[in-house]
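A closer look at the structure
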Amino acid sequence: MTEPLAPQYTPAAIEGPLYSWWQERGFFRAAPDAPGEPYVVQMPPPNVTARLHMGHGLNDTTQDVLVRFERMRGKNTLWVPGTDHAGIATQNVIEKQLAKEGLTRFDLGRDAFVDRVKAFVAETGGEIIEQLKALGCSADWERTYYTFSPDLSATVREVFARLYEKGLIYRGKYIVNWCPRCLTTLSNEEVEKEEKSSSLWHFRYPLADGGDSIVVATTRPETMLGDTGIAVHPDDPRYQGMIGKMVALPLTDREIPIVGDSAVDPAFGSGAVKVTPAHDPVDFEIGRRHNLMTIDVMTPEARMSQTVPERFQGLDRMEARKQVVAAIQALGLLVKVDPHTHAVGHCYRCNTVVEPRLSDQWFVKMAPLAKPALQAYHDGKLRFIPEFQGGVYAYWLENIRDWCISRQLWWGHRIPVWYCQSEGCRKTIVAREEPTHCPECRGHVIQDEDVLDTWFSSWLVPFTSLGWPEKTPSLRAFYPGSTLITAPEIIYLWVARMIMSGLEFMGEVPFDTIYLHGTVRDAQHRKMSKSLGNGVDPIEVIDRYGADALRYTIVSGMSVGTDLILDTADLDTAFAPGRFFANKLWNIGRFVLGHLEQGARPLAEVDLAAAPLADRWILARARAAIVEATAHYERFRFNEAAMTVYRFLWSDVADWYVEQIKPRLYGNVPGGETARAVAAHVFDIGLKLLHPVMPFITEELWRRLPNSPADASISVSAWPTEESAPADDLALLEFGALQDLIGAIRVLRADQRVPPGQTVEVAFANMTALARALVSRDGDTIQRLAKVSAIHDDGTPDLAGTTLALPDGPIVVALRHAAADPAKECARLATELARSEQLLAAQLGKLANEQFVARAPAALIEKERERLAVLESQVETLREQRRALGCPA
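A few points on the structure. (Residues numbered from 1 in each chain as written. Predicted model: local features only at pLDDT ≥ 70, side-chain atom pairs only at ≥ 80, totals over all residues. Heavy atoms only, no water.)

Some remarks on the overall build of the chain
Note the threshold: The numbering of helices and of strands both runs from the N terminus, where a helix is a DSSP run of H or I of at least 4 residues and a strand a run of E of at least 2. Each radius of gyration reported is based on C-alpha atoms, and the globular scaling rule is 2.2 Å times the count of residues to the power 0.38. Only protein chains enter the accessibility calculation, which uses a 1.4 Å probe; a residue is then buried when its area is under 20% of its type maximum, exposed when over 50%, and partly exposed in between. We call two residues contacting when some pair of their heavy atoms lies within 4.5 Å. In these tables, accessible area is a Shrake-Rupley quantity obtained with a 1.4 Å probe, and a residue counts as shielded only by the protein chains included in the view. Two residue types count as positive, namely Lys and Arg, and two as negative, namely Asp and Glu; His and chain ends fall outside the count. By convention, charge coordinates are those of NZ in Lys, CZ in Arg, CG in Asp, or CD in Glu.
When you go through the chain residue by residue, the secondary structure sums to 28 helices and 29 strands. Compactness check: the chain gives a C-alpha radius of gyration of 36 Å against a globular reference of 29 Å for 889 residues, more than 25% above the reference. Across its three principal axes, the chain shows a C-alpha extent of roughly 110 × 75 × 55 Å. A total of 889 residues make up the chain; the buried ones form 54% of that total. In the chain, the proportion of contacts linking residues at least 24 apart, taken out of those at least 6 apart, comes to 77%. On the chain, roughly 38600 Å² of surface is accessible, and the fraction owed to carbon and sulfur atoms is 50%. Considering the chain, the positive charge centre built from 94 side chains and the negative charge centre built from 114 side chains are found 1 Å apart.

Following this line, the structure appears as structure tokens:
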């Protein structure tokens, strides 16, 4: 590439064309027979109708950092992309469209509704894939799967049939989580609990024999219309004499028994609880143990059904609650109402309060699947980052409940179960292909109306995406995979289930490392969401600042186990770290590449033994950056890797090395050829170390380096190793001392208010051997970088200045300069000294206060003492400056 870099960094001009070039060249494709150790990452499949949000931005950027790192290390890297048909979410989108047209799905009918969803998905389903490409994701897009494709639908039926034949899938009547808005069941993991302030109502239920009464406590008065019993603890002395008696259920004409059951907590409420088996999982179990009736008092929409007294029929459950309480109070049976805070389940999709409901559903027996998955963790076959998440995983498996996999939807994998309609047969048929008739009696069959939970297809993708159940070359080469990067909130919904299915159907865990990153939050530490209106559109950020700016901000802002905090009120501020670094890197590139237009010798042809100190130092710093950044990438400390490369390129290369070699690059002094060779080499290293985080700008700059192979990509270039740059401890020590000398002069200039453009003379006292060598050899560097006109090494030991500790001993550094107006400078210093002395006296008084010292925390006392030391140093420095100027006492 011979055209010069644009003066200004404009990401929109390079990112799109570069990504197209990457795809055309096939740099992200992974072949089963390609060389290198396989390294496989499964992309959590986004919803097919979703748009990119900052959660995706964080998750997919983090994955891409790892994938690009391992690809450059020579591994046969496969990042498997896909999209999820998202049963509930996608159906909700279409139902909202129909509602605007005044229609429901029932007006269309099942087949027409499914066709409409398919058409919508075909039109909009690929949008998020294109957005992920804009983010720079280097997945093998030719392998993109869709969980509702014909191939994966066949694998879902195969898995269902195998589990059913093994006795691990069954149908039963159980209490499930029901969403009255989505009109479907939810698994326990799809219910989000929120602490709500509510009430605990105490009702008096009269005994049927007209004698005493019993007080029950409930948080859901509306369900009392479906009570079929009262439960007390069998050992509770208050109620032992009542067990077996009948109670007249208020507002109804029914009598219900009092039963003793150890599931009751005597300390909750009155110690007596109403039992509504159709509307509470604990009550359901109590009802089964005591043969109590089950009465469902609600419709699927959570309105009171025809099983309740007529005056309550048709009421919404919350309105029914009010009217039931009022009716109980009118009967004089309301004892009291206590404030009560408890966890209330909400639908993870629409945030509607979930209703426990008795229903016929399909379940997977999870205990047999969980046992080997738990053992794999205990055997060390699974590694969680952060480590504590492994304990979360183990606890869930140890207390796992059966998985309700049926959903009352029309969009999704139809449950592969058919029912014979012949009166004398009624056989249930589980089949991989749709049967034309009953295999027993050849009678007519109908398919189950429900569809499978969306997660039932996505828990299989580590092997179904590679061609299972066929033993394809991809399956043999790329299973098991390597690393999973995802959010902790789906550790149950997806992560654990993939491990279970992998062990069940492949005999091996699907990955050995699980990295669970943090959550994107706003400046108030609230999770980003549409309802709060605090979200950030990554595409807007990319359009404004570029994908690299977004990626660097994300990566550098979040460490292992922590959340990412973004100020959503000001995008310029929020993404400033990435913007500033990208602009700085572009300017570094323009300068370096501008001096390499005539080429640069390979480093192997340079006599480094004879090279100047700066060249040997920057190569040693490059080696240190390689070691440090590589270790951070390997440990998933991507933020520390990013900061390591940031410091190397911005500070070491730009602020020090480039500034030091400018005379050689401009031809003012000999050694320009060596400087160009070293500059090209260390810039190559820096770009490669940064590429996983900022792929676009590093590619654009790297391709212009004179020694980059023609038409090659940094994305598949070799990762730098320790052998890429020589070690040189002496150069690190000597140049470090030189930096300290220059830094000390700069501090003195700032302290003494020397104008930036004014040169000064520097005097050294107590010169050490190292200091003399540096001044002799690199005095020109000191003069140029610290704006020094002359250096004197004959200062007296009591010279007013600052003491600097060098590796071979302390020296004194002082300035000799003429203030523009000595009298004004003395007056300014006197004012500043008086203020500092006043602050020092106050600090001494605070620490002399015995009561303060005795009562204040130790950490606070230590901070106050540190402040005292700073003030003492300030006062002494100001006094020395006044003495050096000859100010009157």
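With respect to helix α23 (residues 695–702)
One turn of the α-helix equals 3.6 residues, which is why residues spaced by three or four share an orientation. Taken across its 8 residues, α23 has 8 buried, putting it largely inside the fold. Check the buried side of α23 and you find it contacts α1 (11–25), α2 (54–72), α6 (127–135), α17 (547–556), α19 (576–594) and α22 (672–690).

Regarding the packing of α2 against α17
Each pair of packed helices can be described by the angle between their axes along with the distance between the axes. Keep this limit in mind: Axis definition: a line fitted to C-alpha atoms, over the contacting stretch in the case of helices. Angles run 0 to 180 degrees between N-to-C directions. Each angle gets one of four labels, with under 35 degrees taken as roughly parallel, over 145 as roughly antiparallel, 65 to 115 as roughly perpendicular, and the rest as oblique. The classification used treats Ala, Val, Leu, Ile, Met, Phe, Trp, Tyr, Cys and Pro as nonpolar, Asp, Glu, Lys and Arg as charged, and all other residues, Gly among them, as polar.
The interhelical angle for the contact between α2 and α17, taken along N-to-C directions, is 90 degrees, at an axis separation of 10 Å. Considering their axes alone, α2 and α17 lie roughly perpendicular with respect to each other. Contacts from Met54, Gly57, Leu58, Thr61, Asp64, Val65 and Arg68 in α2 reach Leu550, Arg551, Ile554 and Val555 in α17. Split by residue class, the contact of α2 with α17 holds 6 nonpolar, 2 polar and 3 charged.

Re the state of the cysteines
Under the convention used in this document: The rule for a disulfide is simple: a pair of cysteine sulfur atoms within 2.5 Å.
Scanning all chains against the criterion turns up 1 disulfide. Shown here is the disulfide that connects Cys826 with Cys887, its sulfur atoms set 2.0 Å apart. Between Cys826 and Cys887, the disulfide has an S-S torsion of -85 degrees and is therefore left-handed. Here Cys826 is found in helix α26 (residues 822–848), whereas its partner Cys887 is found in the segment after α28 (858–885), with 61 residues between them in sequence. Exposure remark for Cys887: the relative accessible area of 14% places this residue in the buried category. Cys350 takes part in no disulfide bond, and the closest cysteine sulfur, belonging to Cys179, lies 3.5 Å away. Judged by its relative accessible area of 26%, Cys350 falls in the partly exposed class. Free of any disulfide, Cys441 has its nearest cysteine sulfur in Cys420, 3.4 Å distant. By relative accessible area, which is 35% here, Cys441 ends up partly exposed.

Some remarks on unusual backbone geometry
Cis geometry marks the peptide bond from Trp468 to Pro469, where omega comes out at 10 degrees. Take Pro469: it is sitting in the loop between α13 (461–464) and α14 (473–478). Cis peptide bonds are those with omega within 30 degrees of zero, and the linkage from Tyr479 to Pro480 qualifies with 0 degrees. With respect to the element layout, Pro480 can be found in the loop between α14 and β22 (483–486).

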